[in-house]
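Summary of the model geometry
Each chain, written out:
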Amino acid sequence: MEDGIVSLRGVRKVYEGKQAVTAVAGIDLDVREGEIYGLLGPNGAGKTTTISMCTTRVLPTAGTVHIAGIDAVRNPADARRTMGVVPQYNTLERACTVAENIQFHCLYFGFSKADAKARTAQLLEQFHLTERAGAYPAQLSGGLAQRVQIARAIAHKPRVLFLDEPSAGLDPQSRIAMWEAVQRLHTEGITVVLTTHYMEEADELCDRVAIVDGGKILVEDTPAALKNSVGAKTLYELDLREPSDTLGPILAALPHVSGVEQTPRGLRVMAEHADGLLPQVVSAASGYGLRDLSITEPTLETVFIRLTGRDLRE
Amino acid sequence: MSTAVATPRATLAATPAVSPSTQYLRAFTGLFVRDLHVLRRELGPFMIRIVMNPLLFLFVFTYIMPHMSNSAAMNPTASMASATGVNFSTVLLPGLMAVAIMFSGIAAVALPLAVDFGSTREIDDRVMCPLPTSFVAFEKIIFSAIQSIIAAAIVFPLAYYIPSTPVYAHVTSWPFLIAVVVLASLTAGALGLTIGTAVKPAQIGLIFGVVVMPITFLGCVYYPWRALAAIHWLQLGVLINPIVYMSEGLRAALTPTLPHMHPAMILLMLTVFLALLTWIGTRGFIRRVIG
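The following paragraphs examine the structure supplied in this document. (Residues numbered from 1 in each chain as written. Chains lettered and ligands numbered in written order. Predicted model: local features only at pLDDT ≥ 70, side-chain atom pairs only at ≥ 80, totals over all residues. Heavy atoms only, no water.)

**Structural notes on the sheet that holds strand 8 (residues 191-196) of chain A**
All names here are of chain A. Across the sheet, six strands lie side by side as 6-7-8-3-9-10; this open sheet has mixed pairing. With partners counted over all chains shown, the strands left at the sheet margins are strand 6 (83-86) and strand 10 (216-221), one partner each. Strand-to-strand twist of the sheet, defined as the mean angle between neighbouring strand axes without regard to direction, takes the value 15 degrees. Both strand 3 (residues 36-40) and strand 9 (residues 208-213) contribute to a ladder of four bridges, which runs parallel. By the bridge assignment for strand 9, Leu-40 is matched with Ile-211. (Pairing = 2+ DSSP bridges. Helix = DSSP H or I, 4+ residues; strand = E, 2+ residues; numbered from the N terminus. Axes fitted to C-alpha atoms, helices over the stretch in contact; angles between N-to-C directions.)

**Some thoughts on helix 10 (residues 277-286) of chain A**
Residue and element names in this part refer to chain A. Within the sequence span of helix 10, burial applies to Leu-277, Val-281, Ala-284 and Ala-285. Along the long axis of helix 10, the arc covered by the buried residues comes to 90 degrees, so they all point the same way. The exposed residues of helix 10 that point more than 90 degrees off its buried face are Pro-279 and Ser-283. Residues of helix 10 that are buried make contact with strand 11 (234-240), helix 9 (247-252), strand 12 (257-263), strand 13 (266-271) and strand 14 (290-296). (Buried < 20%, exposed > 50% of the residue type's maximum accessible area, 1.4 Å probe, protein only. Arc of directions from axis to C-beta. Contact = heavy atoms within 4.5 Å.)

**Thoughts on unusual backbone geometry**
All names here are of chain A. Positioned with a positive phi, His-128 is a non-glycine residue whose angle comes to about 55 degrees. Counting through the fold element by element, His-128 comes out in the loop between helix 4 (113-126) and helix 5 (142-153). Of note in this structure, Glu-165 is not a glycine but carries a positive phi near 45 degrees. Along the polypeptide, Glu-165 turns up in the loop between strand 7 (160-164) and helix 6 (172-187). Classification of Glu-165 as buried rests on a relative accessible area of 5%.

**What to know about the pairing of strand 2 (residues 21-31) of chain A**
All names here are of chain A. Relative to strand 2, strand 1 (residues 6-15) is paired through eight bridges, and the arrangement is antiparallel. Pairing of Ser-7 across the sheet is with Asp-30, part of strand 2. In this structure, the hairpin formed by strand 1 and strand 2 is closed by a connection of five residues.

**Focus: the packing of aromatic side chains**
Residues and elements named next belong to chain B. A full pass over the atoms with the stated rule returns 11 aromatic pairs over all chains. Measuring from centroid to centroid gives 5.2 Å for Phe-57 and Phe-61, while their planes differ by 20 degrees, and the two rings are stacked. Taken as a pair, Phe-57 and Phe-61 lie in helix 2 (residues 43-67) at a separation of four residues, close to a single helical turn. Phe-57 sits in the buried class, given a relative accessible area of 18%. Judged by its relative accessible area of 27%, Phe-61 falls in the partly exposed class. (Phe/Tyr/Trp six-rings, centres within 6.5 Å; stacked < 30°, edge-to-face > 60°.)

**Observations regarding the interface of chain B and chain A**
Taken together, the contact between chain B and chain A spans 43 residues of the former and 44 residues of the latter. Here chain B packs against chain A, burying approximately 3,900 Å² in sum over the two surfaces, 54% of which is carbon and sulfur. Where chain B meets chain A, there are five salt bridges. At the junction of chain B and chain A, the tally comes to 18 residue pairs in polar contact (both at pLDDT 80 or more). Going through the elements one at a time, helix 1 (20-41) and helix 6 (124-127) of chain B are the ones with two or more residues in the side of chain B that touches chain A. Here the side of chain B that touches chain A takes 11 residues from helix 1 of chain B, the largest share from any one element. When its residues are assigned to classes, the side of chain B that touches chain A shows 22 nonpolar, 11 polar and 10 charged. (Buried area = accessible area lost by both parts, 1.4 Å probe. Salt bridge = Lys/Arg side-chain N within 4 Å of Asp/Glu carboxyl O. Polar contact = N/O pair within 3.5 Å; in protein donor to acceptor, adjacent residues only side chain to side chain. Nonpolar A, V, L, I, M, F, W, Y, C, P; charged D, E, K, R; others polar.)

**Focus on the side chain of A:Thr49**
All names here are of chain A. With respect to the secondary-structure elements, Thr-49 resides in helix 1 (residues 47-54). A relative accessible area of 12% places Thr-49 in the buried class. Leave out the neighbours within four places in its chain, and Thr-49 touches Lys-13, Tyr-15, Ala-23, Val-24 and Val-58.

**Comments concerning the pattern of salt bridges**
Taken as a whole, this structure holds 19 salt bridges over all chains when the rule is applied. Two residues, A:Asp239 and A:Arg291, come together in a salt bridge whose shortest N-O distance is 3.4 Å. Of the two residues, A:Asp239 is situated in strand 11 and A:Arg291 in strand 14; the sequence distance between them amounts to 52 residues. Linking A:Glu261 and A:Arg268 is a salt bridge whose minimum nitrogen-to-oxygen distance equals 2.5 Å. Among the charged side chains, a network of salt bridges with common partners joins A:Glu93, B:Arg34, B:Asp35 and B:Arg126.

**Details of the state of the cysteines**
Counted according to the given criterion, the structure contains zero disulfides over all chains. Left unpaired, A:Cys54 is separated from the closest cysteine sulfur, that of A:Cys206, by 14 Å. Taking relative accessible area as the criterion, A:Cys54 reaches 4% and is therefore assigned buried. Looking at A:Cys106, it has no disulfide partner, and the nearest cysteine sulfur is the one in B:Cys129, 13 Å off. (Disulfide = S-S within 2.5 Å.)

**Considering the nonpolar core**
Counting residues in each nonpolar core, the largest one holds 141 residues, and the members touching the most others are A:Phe127, A:Leu161, B:Met246, B:Leu250 and B:Phe285. With 18 residues, helix 5 (residues 88-120) of chain B is the single largest residue contributor to this core. When near neighbours in sequence (up to four residues on either side) are disregarded, B:Phe285 contacts B:Leu113, B:Phe117, B:Ile123, B:Val127, B:Thr133, B:Val136, B:Ala137, B:Leu193 and B:Thr197. One finds A:Ile27, A:Ala72, A:Val193 and B:Met128 within the second-largest nonpolar core, a separate group that totals 26 residues. (Core = buried A, V, L, I, M, F, W, Y, C linked by side-chain atoms within 4.5 Å.)

**Focus: a nonpolar patch on the surface**
All names here are of chain B. A contiguous nonpolar surface patch, about 380 Å² in accessible area, is contributed by Ile-149, Trp-174, Ile-178 and Val-182. Top contributing element to the nonpolar patch by residue count: helix 8 (residues 174-198), with three residues. Residue position: Ile-178 is located in helix 8. (Patch = residues over 30% accessible without salt bridge, like charges linked within 9 Å, V, L, I, M, F, W, Y side chains within 5 Å. Areas by Shrake-Rupley, 256 points an atom, 1.4 Å probe, with all protein chains shown as cover.)

Take a look at the structure:
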């Protein structure tokens, strides 16, 4: 395996205490330069701990972390120069304006005062924040504050941008604006690593996705390949009044059906083609108390459920 | 709508490599400039914070009380002071400076850290600057020390104008005074760091009762350490209180006519406390920001 710009080897994190908690149970990961890489998983899966170890904020119990070739555990101060970080919470300096937040960040990274000013002006323009330059963080909406945080994080021109749950707490409109901002950075060549528990976000935004659960990477691939791995183009979700053992085999015998599985509310029929199948499914199931039927395409959520037997939001 | 300013891929490298010491120095300076900027913006509250305590103390004890009849009977320290040939204003000057120094350390480091760790996490971006984490803590101590020095200097004009009886201050050794003020101010910052990282953010209000009040009242602020000779166990007990060395140091430097500890002992103990509190505070800081 070739080392990526973000490269984790055998990384584990155990929080000692009365009851030791294994947050990350051995992760190997390589992010290629220039891609948008997503860690998708439910809350408590170990995503934030993993990203915090990359960003030098959590020390791994075991394993190595390299960012752009720099050992982030041994040499955190140097590694920080290569990365921009947007944490889950709004960490903007309340006592400083939007422009000052970015400007001071530049100074920390060795910019001269003039360079810091110029870079700040450029970023304010790029993120459509020029009008809010003199505003204080308390005056900003969640979406705007998020944009300032991203602008600040990339102010020192890092090679990798880490976003921890970037759309947590954002309204749908702000989320789309954030996605656009991230995609624009992507076209400029920056590598992006993000965590999310929104499958749409991983699907829409990421070149590659790792599905994480229980502190481990279960599977890693492009969103398209992950969805293909389900082996079906169309899913019929059957909501049945009472469970039945005999309906499954009947549905499985229908043409183009590649599989049938039990769900909490009934059955899921997976099919390679949808042509003419719907009436057959309905007529077969109507004798078994069919209450509702929905037709969907496989999503990353389907992949997650197939891997873990659980819902992403559980 | 303005168009995005595209950054060519080639320039998307990290800032050019410089030697680690230059990188650290620049980051450190950046943190310092930021703190200075925020302090300048909050100059009003800062001035109120550092002026109120010495102002009220001097007003009550050196203006109101002397105007009352029989004030010495109500104020044993005043009679003790007059026994040594100086008035209470003179006893109070170094003590109030020590309190000003100590309190600035709490207000400049401990309280903001409690807010940071408790809710805003504003310090995150500073922790992520290209500097070893301990230096971020050192910067807090040093910046706090500057505020302490200003707070101590403010006591002078107040002590000159307010008391009804004149204050007799006499500096025999400027280097000793400077050494005491600098060491005491840094120690106060380190104390603030220790408190701010050791106390649970939600309980920071308690430190006034549990830490600040005891170390002030038992810090030889309102009486010289020698005067405690009558209560021997207390005279030994207060030696673990860093404020004792701050007030005794200032007493030795400013009002040498009053009894005070040996100057070498004072400098030694201030250095010991500075090292100890910096060590504990920095460790606490790293534990708070690095998981």
